[in-house]
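Spelled out from the first residue to the last, the chains are:
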Amino acid sequence: MHGRGAHGPSAQADRATRAHQGDRMRHATSTIDGHVAQYRLGALRVATHRGSAPYVLENPEPGQAGDTALVGVGTQPDGRAILSHRGLLLPCAPGEAFVVDMSQPWQLRQLDDFRLHLHLVPRSLVGLSDEDLASLWGVHGRSGDGVTRLLVPLLITTAESAPSYAHHIAHSIAGSLADLLSTMATERKVARRAAAVRPAGQDERAATAQRIRHFVNENLADRALSPEHIAAHHHVSVRHVHQVFTGEGTTLSRWISRRRLEECRRELARQDPESASSVAAVARRWGFANPTHFSRSFRAEYGISPSEWQRIRTTGGVESAERGRQLANGAGVGT
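Keep in mind that this is a model prediction, so the values were computed, not measured. (Residues numbered from 1 in each chain as written. Predicted model: local features only at pLDDT ≥ 70, side-chain atom pairs only at ≥ 80, totals over all residues. Heavy atoms only, no water.)

Engineer: Looking at this structure, I do not really get the overall build of the protein chain. What am I missing?
Structural biologist: Within the protein chain one finds 14 helices and 14 strands. In the protein chain, buried positions account for 48% of the 335 residues. Pairs at least 24 residues apart make up 66% of the contacts formed inside the protein chain by residues separated by at least 6 positions. A total of about 15,800 Å² of accessible surface is found on the protein chain, and carbon and sulfur atoms cover 50% of it. (Helix = DSSP H or I, 4+ residues; strand = E, 2+ residues; numbered from the N terminus. Buried < 20%, exposed > 50% of the residue type's maximum accessible area, 1.4 Å probe, protein only. Contact = heavy atoms within 4.5 Å. Areas by Shrake-Rupley, 256 points an atom, 1.4 Å probe, with all protein chains shown as cover.)

Structure below.
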(Lines give C-alpha, C1' and ligand atoms only; values in the text may rest on other atoms or scores of the structure.)
Protein backbone atom coordinates (compact mmCIF):
# COMPACT_ATOMS: atom_id res chain seq x y z
CA MET A 1 0.00 0.00 0.00
CA HIS A 2 1.38 3.41 -0.86
CA GLY A 3 0.48 7.00 -1.62
CA ARG A 4 1.41 8.95 -4.68
CA GLY A 5 0.83 12.46 -5.90
CA ALA A 6 1.19 14.18 -9.21
CA HIS A 7 4.89 13.27 -9.23
CA GLY A 8 4.57 9.51 -8.77
CA PRO A 9 5.49 7.14 -5.90
CA SER A 10 7.83 8.42 -3.23
CA ALA A 11 11.20 6.68 -3.05
CA GLN A 12 11.71 8.29 0.34
CA ALA A 13 8.69 6.43 1.73
CA ASP A 14 10.10 3.15 0.43
CA ARG A 15 13.39 3.74 2.28
CA ALA A 16 11.83 4.83 5.57
CA THR A 17 12.58 2.79 8.69
CA ARG A 18 10.39 1.95 11.66
CA ALA A 19 11.23 2.64 15.31
CA HIS A 20 9.63 0.25 17.79
CA GLN A 21 8.74 1.42 21.31
CA GLY A 22 7.30 -1.54 23.24
CA ASP A 23 3.91 -2.35 21.73
CA ARG A 24 3.66 1.03 19.97
CA MET A 25 5.25 1.66 16.60
CA ARG A 26 5.71 5.08 15.01
CA HIS A 27 6.76 5.55 11.40
CA ALA A 28 6.68 8.98 9.77
CA THR A 29 7.64 9.96 6.24
CA SER A 30 7.17 13.05 4.13
CA THR A 31 6.83 13.40 0.37
CA ILE A 32 6.46 16.38 -1.92
CA ASP A 33 2.70 15.72 -1.81
CA GLY A 34 1.97 14.64 1.76
CA HIS A 35 2.96 13.28 5.14
CA VAL A 36 2.18 9.96 6.82
CA ALA A 37 2.61 8.89 10.46
CA GLN A 38 2.11 5.25 11.44
CA TYR A 39 1.69 3.56 14.81
CA ARG A 40 1.27 0.07 16.18
CA LEU A 41 -1.72 -0.14 18.53
CA GLY A 42 -2.09 -3.62 19.98
CA ALA A 43 -2.96 -5.82 17.01
CA LEU A 44 -3.76 -2.78 14.82
CA ARG A 45 -1.65 -0.72 12.47
CA VAL A 46 -2.81 2.91 12.44
CA ALA A 47 -1.76 5.51 9.87
CA THR A 48 -2.60 9.18 9.48
CA HIS A 49 -2.11 10.68 6.03
CA ARG A 50 -2.10 14.42 5.32
CA GLY A 51 -1.65 16.13 2.00
CA SER A 52 -3.10 18.00 -0.92
CA ALA A 53 -4.92 16.96 -4.08
CA PRO A 54 -4.08 15.41 -6.43
CA TYR A 55 -3.06 12.49 -4.20
CA VAL A 56 -3.91 8.80 -4.38
CA LEU A 57 -3.67 6.23 -1.60
CA GLU A 58 -3.79 2.77 -3.07
CA ASN A 59 -3.22 -0.93 -2.60
CA PRO A 60 -2.25 -1.88 -6.17
CA GLU A 61 -0.55 -5.26 -5.59
CA PRO A 62 -2.12 -6.87 -2.52
CA GLY A 63 -0.55 -10.24 -3.27
CA GLN A 64 2.88 -8.73 -2.62
CA ALA A 65 1.96 -6.37 0.19
CA GLY A 66 1.54 -8.88 3.02
CA ASP A 67 -1.87 -7.38 3.81
CA THR A 68 -4.15 -10.18 2.60
CA ALA A 69 -5.22 -11.06 6.15
CA LEU A 70 -6.18 -7.47 7.01
CA VAL A 71 -9.28 -5.29 6.83
CA GLY A 72 -8.75 -1.59 6.14
CA VAL A 73 -11.05 0.80 8.05
CA GLY A 74 -10.73 4.54 7.53
CA THR A 75 -12.29 7.97 7.83
CA GLN A 76 -11.42 11.45 6.61
CA PRO A 77 -11.97 14.28 9.10
CA ASP A 78 -10.97 16.69 6.32
CA GLY A 79 -11.38 16.54 2.55
CA ARG A 80 -13.47 14.64 0.03
CA ALA A 81 -12.31 11.56 -1.85
CA ILE A 82 -13.46 8.89 -4.31
CA LEU A 83 -13.04 5.25 -3.30
CA SER A 84 -12.51 2.72 -6.08
CA HIS A 85 -12.98 -0.83 -4.80
CA ARG A 86 -14.40 -4.07 -6.18
CA GLY A 87 -15.67 -2.42 -9.35
CA LEU A 88 -17.42 0.46 -7.59
CA LEU A 89 -16.72 4.21 -7.45
CA LEU A 90 -17.99 5.60 -4.13
CA PRO A 91 -17.78 9.20 -2.85
CA CYS A 92 -16.35 9.53 0.65
CA ALA A 93 -16.93 12.73 2.65
CA PRO A 94 -15.84 13.92 6.11
CA GLY A 95 -17.76 12.12 8.83
CA GLU A 96 -18.13 8.92 6.80
CA ALA A 97 -16.25 5.64 7.18
CA PHE A 98 -14.98 3.21 4.56
CA VAL A 99 -14.03 -0.45 4.83
CA VAL A 100 -11.79 -2.14 2.26
CA ASP A 101 -10.57 -5.66 1.62
CA MET A 102 -6.78 -5.56 1.79
CA SER A 103 -6.59 -8.74 -0.28
CA GLN A 104 -7.98 -6.78 -3.25
CA PRO A 105 -6.74 -3.69 -5.13
CA TRP A 106 -8.33 -0.42 -4.08
CA GLN A 107 -7.70 3.27 -4.55
CA LEU A 108 -8.68 6.41 -2.65
CA ARG A 109 -8.33 9.49 -4.85
CA GLN A 110 -8.25 12.77 -2.94
CA LEU A 111 -10.21 15.78 -4.26
CA ASP A 112 -9.17 18.36 -1.62
CA ASP A 113 -6.57 19.09 1.01
CA PHE A 114 -7.10 16.11 3.30
CA ARG A 115 -6.49 14.35 6.59
CA LEU A 116 -7.10 10.58 6.56
CA HIS A 117 -6.96 8.00 9.37
CA LEU A 118 -6.56 4.38 8.23
CA HIS A 119 -6.67 1.39 10.60
CA LEU A 120 -5.51 -2.05 9.48
CA VAL A 121 -7.32 -4.74 11.47
CA PRO A 122 -6.42 -8.47 11.35
CA ARG A 123 -9.30 -10.51 9.95
CA SER A 124 -8.75 -13.01 12.74
CA LEU A 125 -9.48 -10.33 15.34
CA VAL A 126 -12.84 -9.50 13.75
CA GLY A 127 -13.82 -13.18 13.69
CA LEU A 128 -16.21 -12.97 10.72
CA SER A 129 -16.69 -15.25 7.76
CA ASP A 130 -15.81 -14.01 4.27
CA GLU A 131 -19.52 -13.73 3.51
CA ASP A 132 -20.20 -11.52 6.52
CA LEU A 133 -17.13 -9.38 5.86
CA ALA A 134 -18.32 -8.79 2.30
CA SER A 135 -21.32 -6.85 3.66
CA LEU A 136 -18.92 -4.23 5.04
CA TRP A 137 -16.92 -3.36 1.91
CA GLY A 138 -17.59 0.21 0.77
CA VAL A 139 -18.49 3.59 2.29
CA HIS A 140 -20.78 3.97 5.31
CA GLY A 141 -22.47 7.36 5.48
CA ARG A 142 -23.31 9.61 8.39
CA SER A 143 -26.99 8.73 8.01
CA GLY A 144 -26.22 5.01 8.50
CA ASP A 145 -26.94 2.84 11.50
CA GLY A 146 -25.96 3.62 15.08
CA VAL A 147 -22.85 1.47 14.88
CA THR A 148 -21.47 3.59 12.04
CA ARG A 149 -22.04 6.73 14.08
CA LEU A 150 -19.97 5.19 16.88
CA LEU A 151 -17.23 4.00 14.54
CA VAL A 152 -16.13 7.34 13.06
CA PRO A 153 -15.35 9.10 16.38
CA LEU A 154 -13.50 5.99 17.58
CA LEU A 155 -11.33 5.95 14.44
CA ILE A 156 -10.47 9.64 14.86
CA THR A 157 -9.73 9.48 18.59
CA THR A 158 -7.73 6.27 18.29
CA ALA A 159 -5.52 7.64 15.51
CA GLU A 160 -4.91 10.99 17.19
CA SER A 161 -4.10 9.48 20.59
CA ALA A 162 -2.37 6.26 19.51
CA PRO A 163 1.13 7.11 20.89
CA SER A 164 -0.23 7.73 24.39
CA TYR A 165 -1.97 4.40 25.06
CA ALA A 166 -0.46 1.87 27.46
CA HIS A 167 -0.04 -1.75 26.38
CA HIS A 168 -3.20 -3.14 27.97
CA ILE A 169 -5.33 -0.19 26.84
CA ALA A 170 -4.06 -0.56 23.28
CA HIS A 171 -5.21 -4.21 23.21
CA SER A 172 -8.63 -3.24 24.58
CA ILE A 173 -9.09 -0.51 21.98
CA ALA A 174 -8.13 -2.89 19.19
CA GLY A 175 -10.74 -5.34 20.46
CA SER A 176 -13.39 -2.60 20.66
CA LEU A 177 -12.84 -1.60 17.04
CA ALA A 178 -13.02 -5.24 15.94
CA ASP A 179 -16.23 -5.65 17.95
CA LEU A 180 -17.84 -2.67 16.20
CA LEU A 181 -17.02 -4.12 12.79
CA SER A 182 -18.43 -7.47 13.81
CA THR A 183 -21.58 -5.83 15.16
CA MET A 184 -22.03 -3.87 11.93
CA ALA A 185 -21.87 -7.10 9.93
CA THR A 186 -24.23 -8.89 12.31
CA GLU A 187 -26.82 -6.12 12.09
CA ARG A 188 -26.67 -6.18 8.30
CA LYS A 189 -27.10 -9.95 8.24
CA VAL A 190 -30.08 -9.78 10.59
CA ALA A 191 -31.66 -7.01 8.51
CA ARG A 192 -31.21 -9.01 5.29
CA ARG A 193 -32.77 -12.11 6.80
CA ALA A 194 -35.67 -10.13 8.24
CA ALA A 195 -36.36 -8.49 4.88
CA ALA A 196 -36.29 -11.86 3.16
CA VAL A 197 -38.86 -13.50 5.43
CA ARG A 198 -41.05 -10.54 6.41
CA PRO A 199 -44.47 -10.44 4.72
CA ALA A 200 -45.93 -7.16 3.54
CA GLY A 201 -47.50 -5.11 6.33
CA GLN A 202 -45.12 -6.34 9.03
CA ASP A 203 -43.13 -3.11 9.47
CA GLU A 204 -44.30 -2.60 13.05
CA ARG A 205 -43.27 -6.12 14.02
CA ALA A 206 -39.86 -5.53 12.41
CA ALA A 207 -39.47 -2.28 14.36
CA THR A 208 -40.35 -4.08 17.60
CA ALA A 209 -37.80 -6.79 16.84
CA GLN A 210 -35.18 -4.12 16.22
CA ARG A 211 -35.91 -2.45 19.56
CA ILE A 212 -35.73 -5.80 21.35
CA ARG A 213 -32.42 -6.66 19.69
CA HIS A 214 -30.98 -3.34 20.78
CA PHE A 215 -32.18 -3.89 24.36
CA VAL A 216 -30.73 -7.41 24.43
CA ASN A 217 -27.37 -6.22 23.06
CA GLU A 218 -27.22 -3.58 25.79
CA ASN A 219 -28.01 -6.12 28.53
CA LEU A 220 -26.33 -9.34 27.40
CA ALA A 221 -24.25 -9.57 30.57
CA ASP A 222 -27.36 -9.50 32.78
CA ARG A 223 -28.11 -13.06 33.86
CA ALA A 224 -31.68 -12.01 34.63
CA LEU A 225 -32.29 -11.27 30.95
CA SER A 226 -35.30 -13.36 29.93
CA PRO A 227 -38.36 -13.16 27.66
CA GLU A 228 -40.42 -12.06 30.69
CA HIS A 229 -37.97 -9.27 31.56
CA ILE A 230 -37.82 -8.11 27.94
CA ALA A 231 -41.60 -8.14 27.56
CA ALA A 232 -42.07 -6.09 30.73
CA HIS A 233 -39.52 -3.51 29.58
CA HIS A 234 -41.28 -3.05 26.22
CA HIS A 235 -44.81 -3.15 27.71
CA VAL A 236 -45.90 -6.11 25.60
CA SER A 237 -46.87 -9.67 26.42
CA VAL A 238 -44.38 -12.53 26.51
CA ARG A 239 -46.43 -14.20 23.79
CA HIS A 240 -46.03 -11.15 21.56
CA VAL A 241 -42.26 -11.15 22.09
CA HIS A 242 -42.05 -14.79 21.03
CA GLN A 243 -44.27 -14.12 17.99
CA VAL A 244 -41.99 -11.28 16.86
CA PHE A 245 -38.93 -13.51 16.86
CA THR A 246 -40.76 -16.39 15.22
CA GLY A 247 -41.20 -13.98 12.31
CA GLU A 248 -37.45 -13.34 12.41
CA GLY A 249 -36.71 -17.01 11.72
CA THR A 250 -35.46 -17.87 15.23
CA THR A 251 -36.54 -17.90 18.86
CA LEU A 252 -35.70 -15.14 21.31
CA SER A 253 -33.93 -17.47 23.73
CA ARG A 254 -31.86 -18.97 20.93
CA TRP A 255 -30.91 -15.52 19.65
CA ILE A 256 -29.84 -14.35 23.11
CA SER A 257 -27.71 -17.46 23.54
CA ARG A 258 -26.04 -17.00 20.15
CA ARG A 259 -25.29 -13.35 20.85
CA ARG A 260 -23.70 -14.25 24.18
CA LEU A 261 -21.62 -16.94 22.51
CA GLU A 262 -20.50 -14.46 19.84
CA GLU A 263 -19.32 -11.99 22.47
CA CYS A 264 -17.50 -14.71 24.40
CA ARG A 265 -15.83 -15.92 21.22
CA ARG A 266 -14.66 -12.40 20.36
CA GLU A 267 -13.33 -11.70 23.85
CA LEU A 268 -11.46 -14.99 24.03
CA ALA A 269 -9.90 -14.30 20.62
CA ARG A 270 -8.66 -10.78 21.30
CA GLN A 271 -7.21 -11.04 24.80
CA ASP A 272 -3.60 -10.27 25.54
CA PRO A 273 -2.08 -13.71 26.26
CA GLU A 274 -0.14 -12.26 29.22
CA SER A 275 -3.28 -11.15 31.03
CA ALA A 276 -6.01 -13.35 29.54
CA SER A 277 -9.03 -14.12 31.68
CA SER A 278 -10.07 -17.71 32.26
CA VAL A 279 -12.75 -19.22 30.05
CA ALA A 280 -15.09 -19.43 33.04
CA ALA A 281 -14.58 -15.73 33.87
CA VAL A 282 -15.38 -14.68 30.32
CA ALA A 283 -18.49 -16.87 30.33
CA ARG A 284 -19.71 -15.32 33.58
CA ARG A 285 -19.13 -11.82 32.21
CA TRP A 286 -21.53 -12.54 29.36
CA GLY A 287 -24.33 -14.06 31.41
CA PHE A 288 -23.46 -17.77 31.48
CA ALA A 289 -23.90 -18.97 35.08
CA ASN A 290 -22.77 -22.55 34.43
CA PRO A 291 -19.29 -23.04 32.87
CA THR A 292 -20.09 -26.60 31.81
CA HIS A 293 -23.25 -25.49 29.99
CA PHE A 294 -21.26 -22.69 28.34
CA SER A 295 -18.54 -25.07 27.11
CA ARG A 296 -21.11 -27.46 25.66
CA SER A 297 -23.01 -24.63 23.95
CA PHE A 298 -19.78 -23.17 22.55
CA ARG A 299 -18.68 -26.51 21.09
CA ALA A 300 -22.16 -27.13 19.64
CA GLU A 301 -22.13 -23.71 17.95
CA TYR A 302 -18.53 -23.57 16.68
CA GLY A 303 -17.28 -27.16 16.67
CA ILE A 304 -14.44 -26.42 19.08
CA SER A 305 -14.05 -25.98 22.83
CA PRO A 306 -13.68 -22.41 24.17
CA SER A 307 -10.27 -23.17 25.68
CA GLU A 308 -8.95 -24.46 22.35
CA TRP A 309 -10.40 -21.41 20.56
CA GLN A 310 -8.63 -19.13 23.05
CA ARG A 311 -5.34 -20.94 22.54
CA ILE A 312 -5.56 -20.85 18.74
CA ARG A 313 -6.42 -17.16 18.56
CA THR A 314 -3.98 -15.81 21.16
CA THR A 315 -0.82 -17.86 20.59
CA GLY A 316 -0.36 -16.74 16.96
CA GLY A 317 1.56 -18.49 14.23
CA VAL A 318 0.71 -19.29 10.63
CA GLU A 319 -1.02 -22.57 11.44
CA SER A 320 -3.09 -20.99 14.23
CA ALA A 321 -4.10 -18.05 12.05
CA GLU A 322 -5.22 -20.36 9.26
CA ARG A 323 -7.16 -22.56 11.68
CA GLY A 324 -8.86 -19.49 13.12
CA ARG A 325 -9.79 -18.34 9.62
CA GLN A 326 -11.34 -21.74 8.86
CA LEU A 327 -13.38 -21.61 12.06
CA ALA A 328 -14.63 -18.10 11.33
CA ASN A 329 -15.84 -19.43 7.98
CA GLY A 330 -17.70 -22.29 9.65
CA ALA A 331 -15.24 -25.20 9.42
CA GLY A 332 -15.46 -26.98 12.75
CA VAL A 333 -13.54 -29.87 14.17
CA GLY A 334 -14.70 -33.26 15.21
CA THR A 335 -15.69 -33.97 18.78
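Engineer: Sorry if this is basic, but what is going on with the environment of V190 here?
Structural biologist: As for its position among the elements, V190 is in helix 6 (residues 167-197). We classify V190 as buried; its relative accessible area is 15%. Between the C-alpha atom of V190 and that of R213, which follows or precedes it by 23 residues, the distance is 9.9 Å.

Engineer: Explanation requested: empty space enclosed by the protein in the structure shown.
Structural biologist: The gaps left among the atoms become clear once a water-sized probe is rolled over them. In total, this model carries one cavity of 30 Å³ or more according to the counting rule given. When its volume is computed, the largest cavity comes out at roughly 40 Å³. Lining the largest cavity are T183, T186, E187, N217, R259, E262 and R266. Those elements that provide at least two residues to the lining of the largest cavity are helix 6 and helix 10 (252-270). (1 Å grid on protein atoms, 1.4 Å probe; cavity = no way out; pocket = protein on both sides within 12 Å on 5 of 7 lines; lining within 4 Å. Points joined across faces, edges and corners; volume = space filled by probe spheres on them.)

Engineer: What is the right way to look at the nonpolar core in this model?
Structural biologist: In summary, soluble globular proteins display a tendency toward joint burial of nonpolar side chains. Core analysis: the largest hydrophobic core is formed by 30 residues, its most contacted members being I212, V216, I230, L252, I256, F294 and F298. Among the secondary structure elements, those contributing two or more residues to this core are helix 7 (203-218), helix 8 (227-234), helix 9 (238-247), helix 10, helix 11 (279-285), helix 12 (291-302) and helix 13 (306-315). Here this core gets seven residues from one element, more than from any other, and that element is helix 10. Counting 29 residues, the second-largest nonpolar core is a separate cluster that includes V73, V99, L128 and Y165. (Core = buried A, V, L, I, M, F, W, Y, C linked by side-chain atoms within 4.5 Å.)

Engineer: Sorry, what's going on with the pairing of strand 13 (residues 114-122) here?
Structural biologist: Counted residue by residue, strand 13 has nine buried out of nine residues, so it is predominantly covered. In strand 13, alternate side chains face the same way, and those of F114, L116, L118, L120 and P122 on one face and R115, H117, H119 and V121 on the other are all buried. Bridge count between strand 6 (residues 44-51) and strand 13: seven bridges; the pairing is antiparallel. Paired with V46 across the strands is H119, a residue of strand 13. As paired elements, strand 8 (residues 70-78) and strand 13 share seven bridges and run antiparallel to each other. By the bridge assignment for strand 13, V71 is matched with V121. (Pairing = 2+ DSSP bridges.)

Engineer: Is there a simple way to explain the pattern of salt bridges in this structure?
Structural biologist: A side chain of one charge can pair with a side chain of the opposite charge when the charged atoms of the two come close. For the structure shown, the criterion picks out 14 salt bridges. A salt bridge links R123 to D130, with the nearest nitrogen and oxygen atoms 3.1 Å apart. Of the charged contacts, one joins R258 and E301 as a salt bridge, the two residues approaching to 3.0 Å between their closest N and O atoms. Of the two residues, R258 sits in helix 10 while E301 sits in helix 12, which places them 43 residues apart along the sequence. Each of the salt bridges in this network shares a partner with another, and the network as a whole consists of D179, R259, E262, E263 and R266. (Salt bridge = Lys/Arg side-chain N within 4 Å of Asp/Glu carboxyl O.)

Function cannot be inferred from these measures alone, as they are strictly geometric.
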